[in-house]
Amino acid sequence: MRRTTCLNTVVIGDAPSISRFAASALAILLTIVISACAGGSPSARLPASSANQDGALLTMHAKTSPCNAGCSSLSPLRSMWVWTKPDNQTLINFAVARGVSEIFYFVTSNVNRPGTENSRVADLKGRAATAGIKLDALNGDPSWADNGTGTAEAIIWESNAMGTGFFSGAHFDIEPNPPVGTPRCNSSEANNFALALSAIHANSVSRGWHMEEDVQFGDSGCTSVLSYPTLTDAIIANSDEITVMSYRNVAGGGNGMWDIGQDALARAHIAGKSARLGAETNNVSPPNITFYGHSLSSMSNVLSQVDALAWGSPSAASYQGIAIEDYAGYSKL
């Protein structure tokens, strides 16, 4: 992870040179500093439903939660969708220059077969590893949400992609068409989508694979999906990590990235899962959902504002930065 926390390494000298009194005083001081950085005791900021899940979320909070005060060195986490096939080294150089530490890279179900795609991705994997960048397999299709033959195809894709050993995880961009969250909610479609994700996630869990899913911010408007309060909760429960498509070109103001993304982030936090927010850079409509036509510095400023809002929220421990949609648009800024 690229995020710099309050306390990475503490060097206090050789133990024999420190008196018991001094060591005790230092221990007390460190306890106070850690508590202040985390905004109190770690468990105090966690919802009761997630504070004791095998200690996993508690540990993540204590080690990686940024400071609300007194910590000045925070590095933003950035990831990026790549749907095209740019030159491998050009892609890696760009990612390094923009501080992207994770790439969602589109591959087909044939990536496991000897051939051009397999060779290209094998080469990219090596270059990404050298640069310290995680590489995740990316794909998705509306038909994969049918809880039938489409979902079976999704499982085949995941098995083929992850079976190559090239990827750290599988990133799904399954968006039912029309969207089931807003402006309407079709209960049958929503239930099928949730069941489809459950089947895909079960395959992931059985193979020890990390599985991520993109979430439309309006999915929480679709309520009573199977046994879950909302479709968003169903997606979170049936994935290891989510990315919220919080596409806006301002941070706040009532309809900014943070405004429309924070609900899903909070739900992920309660469930003990990680979540990213998302930013669009392509030429799409309406113009308020994309940074297309904006300067890189303007976009960076907005994303920094979103980071600050997320790091200062009760869901900070689950926040994994911002994913950029996508290389094609981002590389033109």
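Please refer to the structure placed before this passage.
Here we summarise the structure given alongside this text. Quick caveat: nothing in here was measured; it's all calculated off a predicted structure.

Turning our attention to the sheet that holds strand β1 (residues 78-82). Spatially, the eight strands close up into a barrel ordered β1-β2-β3-β4-β5-β8-β9-β10, and their pairing is parallel. When strand polarity is set aside, the average angle formed by the axes of neighbouring strands in this sheet is 25 degrees. Bridge count for strand β5 (residues 210-216) against strand β8 (residues 241-245) is five bridges, and the pairing is parallel. Of the residues in β8, the one forming a bridge with E212 is E241. With respect to the sheet, helix α8 (residues 257-270) is in contact with β8, β9 (274-280) and β10 (319-325), its orientation differing from that of β9 by roughly 160 degrees.

What follows concerns the packing of helix α3 (residues 88-98) against helix α4 (residues 116-131). When two helices pack together, their arrangement is given by the angle between the helix axes and the distance between those axes. Interhelical geometry of α3 versus α4 gives an angle of 30 degrees and a closest axis separation of 9 Å. Judged on the interaxial angle alone, α4 and α3 are roughly parallel. Crossing angle aside, the handedness with which α3 passes α4 is right-handed. Contact with α3, carried on its side by N88, Q89, L91, I92 and V96, involves R120, D123, L124, R127, A128 and A131 of α4 and no other residues of that element. Of the residues in the contact of α3 with α4, the class split is six nonpolar, two polar and three charged.

We now examine the state of the cysteines. With the rule as written, the count across this model stands at one disulfide. Disulfide pairing is shown between C185 and C222; the S-S distance is 1.9 Å. Placement of the pair is C185 in the loop between β4 (169-172) and α6 (187-207) and C222 in the loop between β5 and β6 (223-225), with a sequence separation of 37 residues.

Okay, the packing of α8 against helix α9 (residues 296-311) next. Contact pair α8 / α9: the axes reach a minimum separation of 11 Å and the direction vectors enclose 40 degrees. When the axes of α8 and α9 are compared, the pair comes out oblique. For the crossing formed where α8 meets α9, the hand is right-handed. Counted together, M257, W258 and L265 of α8 and V302, L303, V306, L309 and A310 of α9 form the full contact between these two elements. Its residues assigned to classes, the contact of α8 with α9 shows eight nonpolar, no polar and no charged.

Here is what the cut-offs are and how they apply
- Residues numbered from 1 in each chain as written.
- Predicted model: local features only at pLDDT ≥ 70, side-chain atom pairs only at ≥ 80, totals over all residues.
- Heavy atoms only, no water.
- Pairing = 2+ DSSP bridges.
- Helix = DSSP H or I, 4+ residues; strand = E, 2+ residues; numbered from the N terminus.
- Axes fitted to C-alpha atoms, helices over the stretch in contact; angles between N-to-C directions.
- Contact = heavy atoms within 4.5 Å.
- Parallel < 35°, antiparallel > 145°, perpendicular 65-115°, else oblique.
- Left-handed = near helix turned anticlockwise from the far one by under 90°.
- Nonpolar A, V, L, I, M, F, W, Y, C, P; charged D, E, K, R; others polar.
- Disulfide = S-S within 2.5 Å.

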